[in-house]
Amino acid sequence: MIDKNGFRANVGIILSNAAGQVLWARRIGQNAWQFPQGGIHEDETPEEALYRELYEELGLSSDDVAVLGYTSRWLYYRLPKHLIRYRSQPLCIGQKQKWFMLKLVSDEQRIRLDISASPEFDHWCWVSYWYPISHVIQFKRNVYRRALQELSGFVPA
């Protein structure tokens, strides 16, 4: 779902454990790490997309997590020019994201990266809450910073 300004609607997932660490996932076949995220389909609400993406990317259901909070507005980032697919229509120049802070309430052994026919991640680990800001790809850093700042009050102690 790409809006009239060229931004694809997306959900971002920050999954925390009881210690306040967050799940950090490596994109399959790359040395690129990020939070799970994914597009919102035209017939979905952001919350419906959250649970679909949570299952597709991490193998978790709504029973495995508690929603602690979400960003109050869309957070935007632009793609670098070399990543824009200029021949695609409608043209996508970046993403607008609703971010959700979740707490894992089931055992971490429930996390599975191989549920989907085309998995996005091949490894995950727990990292400190602020770690992702300085380790995500540059063009996503401001969105990560804003999401983590806004949702920091929901982090389990």
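Residues numbered from 1 in each chain as written. Predicted model: local features only at pLDDT ≥ 70, side-chain atom pairs only at ≥ 80, totals over all residues. Heavy atoms only, no water.

Draft legend 1. Seen up close, helix H1 (residues 46-58). In a regular helix each residue adds 1.5 Å, so 13 residues correspond to 18 Å; H1 covers 17 Å between its end C-alpha atoms and thus fits that length. Of the positions making up H1, those classed as buried are Ala-49, Leu-50, Arg-52, Glu-53, Leu-54, Glu-57 and Leu-58. On its buried face, H1 sits against strand E1 (7-16), strand E2 (22-27), strand E4 (37-39), strand E5 (65-70), strand E7 (94-104) and strand E8 (121-127). Downstream of H1 by one or two residues, Gly-59 has phi in the positive range, about 70 degrees. (Helix = DSSP H or I, 4+ residues; strand = E, 2+ residues; numbered from the N terminus. Expected span 1.5 Å × (residues − 1). Buried < 20%, exposed > 50% of the residue type's maximum accessible area, 1.4 Å probe, protein only. Contact = heavy atoms within 4.5 Å.)

Draft legend 2. Molecular detail of the environment of Asp-64. Considering the arrangement of structural elements, one finds Asp-64 in the loop between H1 and E5. With 69 residues separating them in the primary sequence, Asp-64 and Ile-133 have C-alpha atoms 26 Å apart. Apart from the residues lying within four places of it in its own chain, the contact partners of Asp-64 are Lys-103, Leu-104, Val-105, Ser-106 and Arg-110.

Draft legend 3. Region of interest: the nonpolar core. Counting residues in hydrophobic clusters, the biggest one holds 21 residues, and the most contacted among them are Leu-15, Leu-23, Leu-58, Leu-60, Leu-102 and Ile-111. Of all the elements in the fold, those that place two or more residues in this core are E1, E2, H1, E7 and E8. Excluding residues that lie within four positions of it along the chain, Leu-15 makes contacts with Gln-21, Val-22, Leu-23, Leu-58, Leu-60, Val-65, Leu-102, Lys-103, Leu-104, Ile-111 and Trp-126. Grouped together as the second largest cluster of nonpolar side chains are 18 residues, Trp-24, Leu-75, Trp-99 and Val-143 included. (Core = buried A, V, L, I, M, F, W, Y, C linked by side-chain atoms within 4.5 Å.)

Draft legend 4. Structural detail: the environment of Ser-106. Positionally, Ser-106 belongs in the loop between E7 and E8. Its relative accessible area of 22% is what places Ser-106 among the partly exposed residues. In this structure, the C-alpha to C-alpha distance between Ser-106 and Ala-66, residues 40 residues apart in sequence, is 9.7 Å. In this structure the side chain of Ser-106 is engaged in a polar contact, spanning 2.9 Å, whose partner is the side chain of Asp-64. (Polar contact = N/O pair within 3.5 Å; in protein donor to acceptor, adjacent residues only side chain to side chain.)

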